[in-house]
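Okay, here's what each chain looks like letter by letter:
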Amino acid sequence: MRDTVLLADDHAAERLVDEIDYVERATAYATDPWAWLAGCVTTVDELDGANPVKPFPTGVCRACARYVGGGVSQCPVCSGALVPLTYLRDLARQWATGVPPLLLVPKARRMRMTWLFVALHVWLALQRPHAAIFFVSSKEEKSAELIERAHGILRRLPPEGGGGRLGDHKNNPPRLLLDNGATLTGVAEGADQLRQYTATAILADEFGTWNWPRAAFSAMKPCLDGGGRMTLLSSAWPGTWAEMVRGEFLG
Amino acid sequence: MAHANSLANLRPWTPEDRTHRGQPFRNAQTVLIQYIRHQSKDGAEMVDFMFRVLRGETIKAPGLRRKRASPTIRDRMHAADWLANRAFGLPKETIEVSDPEGARQERLTLLASLPSEARQALRAILSEALAAQALAPRPIAPGANGGPHA
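The rules we used
- Residues numbered from 1 in each chain as written.
- Chains lettered and ligands numbered in written order.
- Predicted model: local features only at pLDDT ≥ 70, side-chain atom pairs only at ≥ 80, totals over all residues.
- Helix = DSSP H or I, 4+ residues; strand = E, 2+ residues; numbered from the N terminus.
- Buried ≥ 20, exposed ≤ 12 C-beta atoms within 10 Å, placed from the backbone.
- Contact = placed C-beta atoms within 7 Å.
- Pairing = 2+ DSSP bridges.
- Axes fitted to C-alpha atoms, helices over the stretch in contact; angles between N-to-C directions.
- Core = buried A, V, L, I, M, F, W, Y, C linked by C-beta atoms within 7 Å.
- Domains from an automatic or database assignment.
- Expected span 1.5 Å × (residues − 1).
- pLDDT = per-residue confidence, 0-100.

1. Considerations on the overall build of chain B
When its secondary structure is counted, chain B shows 6 helices and 3 strands. For chain B, the N- to C-terminal ordering of α and β elements is α-α-α-β-β-α-β-α-α. Sorting the 150 residues of chain B into buried and exposed places 2% on the buried side.

Next up, the structure:
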């Protein structure tokens, strides 16, 4: 029988400190979606060919008007002071409370609103087992694009932020399945699209441009009545969307 | 006078008892070891044989048809292993105590179940201990400076 020499673990204490920090970060990410967005989420900027994947923006440089993320305190390009994107932070924290369950978000382009709410729904899926989350757009191809964004976010997450928890990715219909049984599904607009499902949360993108927004909203409304939440995003658009934003909608 | 079965009748064995009481008890294994050592000149004959195998010399083999046998490479390697083990000791097998992922997950689950204040207190204690360890002189490892191996 051969002699055996066991080498003691010289770095156990350092490792335990790292693990405590890991748990602290994971706990913060699980309870505060803004901390999770700032610390874990990355977005894709199609206009930047050299470095398209960027941390989710948490501030904007006062000098060069560049979006900056990753929790840094000054612009990495010009070292200018950052103005925090408080509108994103306030929206994220408000949305996380689930009150009110219906959130209308009028937006302009390049405000990172779609990224914000796609990421927030990913966060919800990570935190709530068996959540059924739907991304609804005017066409299934556009919903699939939102699912792809969610897929990219999930793939690039660090372990403490939920990395490695993506279970399955299907294309027809576009759907992501997480290890806790939560699903993210992309569907097209239409009164019958969500009728057979019970949704935990619905994200309706560019709701104002839909062909039948009133009928679609009526079909989605049972989600709210059952305790779910609905987020409607859209640029300015006349018709049902304008009525809803002005508080004149009675649907 | 003591009873015939009394322990008081027992006395130590003396060489004079050999004629009528026979040999005292001897452990058969000890006897065998002594015999082997004696016959092999304290193992020198076995070592010589292994050296002849190691060097590939022809060995007399009275039981075989050819009466002589030449060791193969396998035999010579076995002889080298046998001799090296006795000359230098069996090689030490080093097993590093790794940190399996299961144990890490268990620790993370345990840490997550603690309140944040308890985690921070534990972290402070560990940081303090690590800072003290960094300042303290490191002990000399066994086996350093030509000393005996651990």
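Next comes the rest of the write-up.
2. Topic: the overall build of chain A
Each helix and strand in chain A was counted, giving 7 helices and 13 strands. Burial statistics for chain A: of 251 residues in total, 37% are counted as buried. Long-range pairs, those at least 24 residues apart, make up 64% of the contacts in chain A between residues at least 6 apart in sequence.

3. A few points about the sheet that holds strand 6 (residues 82–84) of chain A
Sheet strands associate in pairs through backbone hydrogen bonding, adopting either a parallel or an antiparallel arrangement. All names here are of chain A. Strands sit in the order 5-4-6 across an open sheet of 3 strands; the sheet is antiparallel. Two strands in the sheet have a free side with no partner beyond their single neighbour: strand 5 (67–69) and strand 6. The sheet shows a mean angle of 45° between the axes of neighbouring strands, direction not considered. Bridging between strand 4 (residues 57–61) and strand 5 involves 3 bridges; their strand directions are antiparallel. Note that in strand 5 the partner of Gly59 across the bridge is Val68.

4. Some thoughts on the nonpolar core
Residues and elements named next belong to chain A. Ranked by internal contacts, the top residues of the largest apolar core, which has 65 residues, are Leu116, Ala119, Val122, Ala125, Ile133, Ala150 and Ile202. Per-element tally for this core: the top contributor is helix 4 (residues 113–127), with 12 residues. Counting residues domain by domain, this core receives three or more from each of domain 1 (12–84) and domain 2 (86–246). Ignoring any residue separated from it by four or fewer positions in sequence, one finds Val122 in contact with Ala150, Ile153 and Leu154.

5. Observations concerning the sheet that holds strand 13 (residues 229–234) of chain A
All names here are of chain A. If you trace the 7 strands from one edge of the open sheet to the other, you get 7-13-12-8-11-10-9, paired in mixed fashion. Looking at the sheet topology across the chains shown, the edges are occupied by strand 7 (102–106) and strand 9 (166–171). Pairs of neighbouring strands in the sheet enclose a mean axial angle of 15°, with direction left out of account. Summarising the sheet, strand 8 (residues 132–137) and strand 12 (residues 201–204) pair through 4 bridges and their orientation is parallel. By the bridge assignment for strand 12, Ile133 is matched with Ala201. Contacts from helix 4 reach strand 7, strand 8, strand 10 (174–178), strand 11 (183–188), strand 12 and strand 13, with the element oriented near 165° to strand 12.

6. Some remarks on helix 6 (residues 116–135) of chain B
Its 20 residues give helix 6 of chain B an end-to-end C-alpha distance of 29 Å, which sits within 8% of 28 Å, the value for a rise of 1.5 Å per residue. Across the 20 residues of helix 6 of chain B, 0 count as buried, placing the element largely on the outside.

7. Some thoughts on the confidence of the model for chain B
Residues and elements named next belong to chain B. On average, residues of chain B carry a pLDDT of 83, and 87% of them reach 70 or more. Ranking the elements of chain B by mean pLDDT puts strand 3 (residues 93–96) last with 68 and helix 3 (residues 44–54) first with 94. Low confidence marks residues 146–150, where pLDDT is under 50. Its contacts with residues over four positions away, or in another chain, come to 6 contacts. For this predicted complex, the interface score ipTM comes out at 0.72, while the overall pTM is 0.68.

8. Remarks on the pairing of strand 4 of chain A
Residues and elements named next belong to chain A. Counted between consecutive antiparallel strands, the loop separating strand 4 from strand 5 contains 5 residues, among which Ala65 sits at a positive phi close to 60°. Pairing between strand 4 and strand 6: 3 bridges, direction antiparallel. Following the sheet pairing, Gly59 is matched in strand 6 by Pro84.

9. Thoughts on helix 2 (residues 28–39) of chain B
Residues and elements named next belong to chain B. If you check helix 2, its first and last C-alpha atoms are 16 Å apart, about what 12 residues at 1.5 Å a residue would give, namely 16 Å. Sparse coverage of helix 2 is indicated by the burial of 0 of its 12 residues. Directly beyond the C-terminal end of helix 2, a positive phi value near 55° is found at Lys41.

10. Looking at the pairing of strand 10 of chain A
Residue and element names in this part refer to chain A. Residues Pro174, Leu176 and Leu178 of strand 10 are buried on one face, while the alternating residues Arg175 and Leu177, pointing to the opposite face, are not. Sheet topology note: the strand 9/strand 10 ladder contains 5 bridges and is antiparallel. Residue pairing for strand 10: Leu166 is matched across the bridge by Leu178. Here strand 9 hands over to strand 10 after 2 residues, the two strands then running antiparallel side by side. Bridge count for strand 10 against strand 11 is 3 bridges, and the pairing is antiparallel. The residue bridging Leu177 from the neighbouring strand is Thr183, located in strand 11. Linking strand 10 back to strand 11 in an antiparallel pair, the connection comprises 4 residues, with Gly181 at a positive phi of about 90°.

11. Here we look at the environment of A:Val83
Residues and elements named next belong to chain A. Relative to the assigned elements, Val83 resides in strand 6. Remark: the alpha-carbon pair of Val83 and Ala65, spanning 18 residues in sequence, is separated by 9.5 Å. The residues contacting Val83, other than those within four sequence positions of it, are Gly59, Val60 and Arg62.

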